[in-house]
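# Geometric and topological summary
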2 protein chains.
Amino acid sequence: MANIKDVARVAGVSIATVSRVINGNHKVGDACRARVQKVIKELGYRPNSNAQALVSKTKSTIGLVTPKLAMTFFGTLAAGVEKTAREQSYKLLMANSMYETQSELDAINSLRDHNCQAIVLHSEYSDEKTLIKLAEEIPGLVLINRYIPAIAHRCVWLDNIAGAAHATQMLLDKNHRDFAVITSIYQNRDPGARLQGIRQTLAGAQIPLKDEAIEESTANIEGGMQAVEALLARKVRFTALLAYNDLMAVGAIHALFAAGLRVPEDVSVVGFDDLIVARACRPQLTTMHYPVEEMASYAARLAIELSSNSTAEPAHRTHLFLSQLIERDSVASRSAN
Amino acid sequence: MANIKDVARVAGVSIATVSRVINGNHKVGDACRARVQKVIKELGYRPNSNAQALVSKTKSTIGLVTPKLAMTFFGTLAAGVEKTAREQSYKLLMANSMYETQSELDAINSLRDHNCQAIVLHSEYSDEKTLIKLAEEIPGLVLINRYIPAIAHRCVWLDNIAGAAHATQMLLDKNHRDFAVITSIYQNRDPGARLQGIRQTLAGAQIPLKDEAIEESTANIEGGMQAVEALLARKVRFTALLAYNDLMAVGAIHALFAAGLRVPEDVSVVGFDDLIVARACRPQLTTMHYPVEEMASYAARLAIELSSNSTAEPAHRTHLFLSQLIERDSVASRSAN
DNA sequence: CTGAAAGCGCTAACAT
DNA sequence: ATGTTAGCGCTTTCAG
């Protein structure tokens, strides 16, 4: 692979000039520039990005730390970051944290070693203090899907409460009065917020939500099935079922049909996230669309900007996105009685 | 951020010694090593990987070029590569090719700029000649999901013909005699191979597969629906439907039910890939499991090995994986008549 | 407008 | 066993 010296030699100029041409520096004569560019093309020269990064102490690389790529949600998140990366000619460095605090930090540190200054982090288990400290050390760190007041301007997150409230209200508007909820056993953040949105909407409508109508399980298809089976086993009566996410909703639909209940005729089901599974199940799932890809692109742009412009940080603002109701076929109206 | 000089100074040794400690070189005294390690910890020193890469001309980075991360299949593929990367303490550099030949090459080149020597490539559109040339230039390049005889030992791929044949045979064994196939309009590679597997199995059993029983469409849920609608519209009769992939199979199930046909009572449907949608639809899909994640991990290991050991290449071998039948609920036996 | 030269942080001979 | 030193390929003053 040709290097800058080769180009300089062949073009009959100094390496400094070649460097200027590469970097679009204006102070190069036209004839000279043309000649250098010709040689670059001929030799197939491409600057060594490690050397560039070493000397300029800055690198066009954005890092992403995410729990589990194989899950649709995170794959989509990664796609969003990648989109921004491509648009801005950044490289994307990935690290999977596998849901463990320590590897979350390891992952971030390894990104820093590669002096990657813009980082998008989906942190599941690190506590706020750790994250705040990290944010101070890394100007280009942006959190996605998490809100920490102290670093609000570095958080790109979704209003889960409003989303869940919206879904609940829609069910209320369709005359449902008997609700059940299946949620994650991990009642941290998202599940907690969504449950809260449901609770306060129901409370506002004077509709009781008994504890026995809430079932916790793992946040996947199997968990959804088990949760509904449990609900049914203890004879909870409901015409509307709110699931923590699409996966649980899909499991719920399976369990409901297995028990001889029809969706949406007997029970209406609504999910959250709007993953591909929502369109795969039958009936197709009515759900709250989580604009992950858009949010991730946005977060990446934010991270890049923060990492380059060290302007005074506008601390008094955060980046809150809203989920949107997607009405498909898993919800029906109840005739008022 | 502390650098190697800082560590050397504080520890009262030369930078060479620090370097030796970092790299686990044995020729360092115990006391000395301990002292250096202590200082490293105290200062929170982490070697600058750009400098390391620059001088050693080698980098613990594996690159992945893939069409579209947001699709489950590719997300899972990425997860597989990531797994190997983590196990071997490699970094994962991603590049999305977005299904365009030029960006496929751009992506690879940008990986090379970062002198990343191990690369896993899922090439959709580059022609064989280009890939062969690339493989010559990059010892650590491995192709996934594609077979090119000239570089067989660099290909990690799936026997699509055998997989499709297996699915077809299973249907035959269950006494199906009237087949229909929905496949991708892009008849390159995978779709072609799978169709071939179906064709030859059917031919072997003396069962005709008329052209009118084959419908092409886009390889997604909508495409599956449209294809089945087309089949139905032209009154093709079939009790067994083979879909190019799970997405199309799911769309097919939707369209079949919409037309008043039951799955599997009236028609048996089988997919290919075993994505999460296969478990989301109802009935859950019988499908051929594509071990993408495993293959991707394997490909990554192979890429790393090839990039480091430049041993004589064992050209007389390839890396062929087999898909496995997963029987769920979308297939029923026909009573022999 | 262009060139010479000084490093960026690290590794790897080569000395001692 | 440890230190000295010469680069790796590039950017960036500083001269001219």
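Every value quoted in this text rests on a predicted model; they were computed, and no experiment measured them. (Residues numbered from 1 in each chain as written. Chains lettered and ligands numbered in written order. Predicted model: local features only at pLDDT ≥ 70, side-chain atom pairs only at ≥ 80, totals over all residues. Heavy atoms only, no water.)

## Points about the protein's contact with DNA strand D
Around DNA strand D, 27 residues are found, and the nearest of them are Ile4(A), Tyr45(A), Thr17(B), Arg20(B) and Gly29(B). Restricting the count to atoms of DNA strand D within 4 Å of the protein gives a sugar and phosphate share of 62%. Taking Asn23(A), its side chain carries an N or O atom lying 3.2 Å from a phosphate oxygen of DNA strand D. Between DNA strand D and Lys57(B), the relevant distance is 2.7 Å, taken from a phosphate oxygen to a side-chain nitrogen or oxygen of the residue. The element contributing the most residues to the surface near DNA strand D is helix H2 (residues 15–22) of chain A, with four residues. Looking at the surface near DNA strand D residue by residue, the class counts come to 13 nonpolar, nine polar and five charged. (Near = heavy atom within 4 Å. Polar contact = N/O pair within 3.5 Å; in protein donor to acceptor, adjacent residues only side chain to side chain. Helix = DSSP H or I, 4+ residues; strand = E, 2+ residues; numbered from the N terminus. Nonpolar A, V, L, I, M, F, W, Y, C, P; charged D, E, K, R; others polar.)

## Quick notes on unusual backbone geometry
Where the residue is not glycine, phi is negative for most of them; where a peptide bond is considered, it is trans in most cases. Residues and elements named next belong to chain A. Omega for the peptide link from Val263 to Pro264 comes to 5 degrees, which places this bond in the cis form. Within the secondary structure, Pro264 is located in the loop between helix H11 (246–258) and strand S9 (268–273). Backbone geometry at Lys235 places phi at a positive 60 degrees, although glycine is not the residue there. In this fold, Lys235 is placed in the loop between helix H10 (221–233) and strand S8 (240–243). Residue Lys235 is classed as exposed on the basis of its relative accessible area of 68%. (Buried < 20%, exposed > 50% of the residue type's maximum accessible area, 1.4 Å probe, protein only.)

## Quick word on the pattern of salt bridges
Applying the stated criterion across every chain yields a total of 30 salt bridges over all chains. Residue Glu215(B) is joined to Arg234(B) by a salt bridge in which the shortest nitrogen-to-oxygen separation is 2.2 Å. Remark: Arg234(B) occurs in the loop between helix H10 (221–233) and strand S8 (240–243) and Glu215(B) occurs in strand S7 (residues 214–217); sequence separation between them is 19 residues. The class for Glu215(B) is buried, based on a relative accessible area of 15%. Three or more residues are tied together by salt bridges with common partners; here these are Arg112(A), Lys133(A) and Glu137(A). (Salt bridge = Lys/Arg side-chain N within 4 Å of Asp/Glu carboxyl O.)

## Some remarks on helix H8 (residues 160–173) of chain B
Residues and elements named next belong to chain B. Here H8 contains 14 residues, and its C-alpha end-to-end distance of 20 Å stays within 8% of the 20 Å for a straight helix at 1.5 Å per residue. Capping of H8 at its N-terminal end is provided by Asp159; its side-chain oxygen lies 3.3 Å from the backbone amide nitrogen of Ile161. The positive-phi residue at the C-terminal boundary of H8 is Asn175, with phi of around 70 degrees. (Expected span 1.5 Å × (residues − 1).)

## Comments concerning the sheet that holds strand S5 (residues 155–158) of chain B
Taken in spatial order, the 12 strands of this open sheet run S11(A)-S5(A)-S4(A)-S3(A)-S1(A)-S2(A)-S2(B)-S1(B)-S3(B)-S4(B)-S5(B)-S11(B), and their pairing is mixed. For this open sheet the edge positions go to strand S11 (319–321) of chain A together with strand S11 (319–321) of chain B, each flanked by a neighbour on one side alone. Sheet twist, expressed as the mean angle between neighbouring strand axes with direction ignored, is 20 degrees. Judged from the three bridges that link them, strand S3 (residues 118–121) of chain B and strand S4 (residues 141–144) of chain B form a sheet pairing that is parallel. Residue pairing for S4(B): Val120(B) is matched across the bridge by Val142(B). Packing of helix H5 (residues 72–87) of chain B onto the sheet brings it into contact with strand S2 (91–96) of chain A together with strand S1 (61–66), strand S2 (91–96), S3 and S4 of chain B, and relative to S1(B) it is tilted by some 175 degrees. (Pairing = 2+ DSSP bridges. Axes fitted to C-alpha atoms, helices over the stretch in contact; angles between N-to-C directions. Contact = heavy atoms within 4.5 Å.)

## A few points about the sheet that holds strand S9 (residues 268–273) of chain B
All names here are of chain B. Taken in spatial order, the six strands of this open sheet run S7-S6-S8-S9-S10-S12, and their pairing is mixed. Of all the strands in the sheet, the pair left with one neighbour each is S7 and strand S12 (324–326). Averaged over all pairs of adjacent strands, the angle between strand axes in this sheet comes to 20 degrees, irrespective of strand direction. Summarising the sheet, strand S6 (residues 179–184) and S7 pair through four bridges and their orientation is parallel. The partner of Ile182 across the bridge, within S7, is Glu215. On top of the sheet, H10 reaches S6, S7 and S8; it is set at about 145 degrees to S7, its chief contact.

## Focus on the relation of the copies chain A and chain B
When chain A is fitted onto chain B, the two copies agree to an RMSD of 0.1 Å after a turn of 180 degrees and an axial shift of 0.0 Å. Look at the turn and shift together and you get a two-fold axis relating the two. In this assembly the copies share their binding face: 100% of the residues contributing to the interface of chain A also contribute to that of chain B. (Least-squares fit on C-alpha atoms with pLDDT ≥ 70 in both.)

## Some words on the side chain of Asp274(B)
All names here are of chain B. Within the secondary structure, Asp274 sits in the loop between S9 and helix H12 (277–280). Asp274 gets classed as buried once you look at its relative accessible area, which sits at 17%. Side-chain polar atoms of Asp274 contact the side chain of His289, separated by 2.8 Å. A polar contact is formed between the side chain of Asp274 and the side chain of Arg328, at a distance of 3.0 Å.

## Considerations on the packing of aromatic side chains
Taken as a whole and judged by the stated rule, the model has eight aromatic pairs over all chains. Ring geometry for Phe73(A) versus Tyr290(A): centroids 5.0 Å apart, planes at 80 degrees, classification edge-to-face. Residue Phe73(A) is found in helix H5 (residues 72–87), and its partner Tyr290(A) is found in the loop between strand S10 (286–289) and helix H13 (292–308); the two are separated by 217 residues along the sequence. Judged on exposure class, the residue Phe73(A) and its partner Tyr290(A) are both buried. Judged by centre distance (5.3 Å) and plane angle (75 degrees), the rings of Tyr298(B) and Phe321(B) are edge-to-face. In this pair, Tyr298(B) sits in helix H13 (residues 292–308) while Phe321(B) sits in strand S11, placing the two residues 23 residues apart along the sequence. When the ring centre of Phe257(B) is taken as reference, the NZ or CZ atom of Arg282(A) above it lies at 3.3 Å. (Phe/Tyr/Trp six-rings, centres within 6.5 Å; stacked < 30°, edge-to-face > 60°. Lys NZ or Arg CZ within 6 Å of the ring centre and 35° of its normal.)

## A word on the interface of chain A and chain B
If you look at the interface, chain A gives 47 residues, while chain B gives 47 residues. Broken down residue by residue, the surface that chain A buries against chain B is led by Asn50(A), Asp113(A) and Arg282(A), which jointly contribute 17%. The interface formed by chain A and chain B contains four salt bridges. Among the ionic pairs, Glu222(A) bridges to Arg279(B), the shortest N-O distance being 2.6 Å. Broken down by secondary-structure element, the contributors of at least two residues to the side of chain A that touches chain B are helix H4 (49–56), H5, S2, helix H6 (101–113), H10, H11 and helix H12 (277–280) of chain A. (Buried area = accessible area lost by both parts, 1.4 Å probe.)

## Brief notes about empty space enclosed by the protein
Counted according to the given criterion, the structure contains three cavities of 30 Å³ or more. Estimated volume of the largest cavity: approximately 100 Å³. Surrounding the largest cavity, 16 residues form its lining, Ala164(A), Arg194(A), Ile198(A), Ala243(A) and Tyr244(A) being those nearest its centre. The residue inventory of the lining of the largest cavity, partitioned by class, reads 13 nonpolar, two polar and one charged. Of the volumes computed, that of the second largest cavity is approximately 90 Å³. Forming the walls of the second largest cavity are 15 residues, and the residues nearest its centre are Arg194(B), Ile198(B), Leu242(B), Ala243(B) and Tyr244(B). Contributing elements (two or more residues each) for the lining of the second largest cavity: H8, S6, helix H9 (190–204), S8 and S9 of chain B. Its residues assigned to classes, the lining of the second largest cavity shows 12 nonpolar, two polar and one charged. (1 Å grid on protein atoms, 1.4 Å probe; cavity = no way out; pocket = protein on both sides within 12 Å on 5 of 7 lines; lining within 4 Å. Points joined across faces, edges and corners; volume = space filled by probe spheres on them.)

## Some thoughts on the layout of surface pockets
Size it by volume and the largest pocket reaches roughly 1400 Å³. As for the largest pocket, its lining consists of 44 residues, of which Arg46(A), Pro47(A), Asn48(A), Ser49(A) and Asp113(B) are closest to the centre. Elements with a contribution of two residues or more to the lining of the largest pocket: H2, H4 and H13 of chain A together with helix H6 (101–113) of chain B. A per-element tally of the lining of the largest pocket places H4(A) first, with seven residues. Class assignment for the residues of the lining of the largest pocket results in 17 nonpolar, 20 polar and seven charged.

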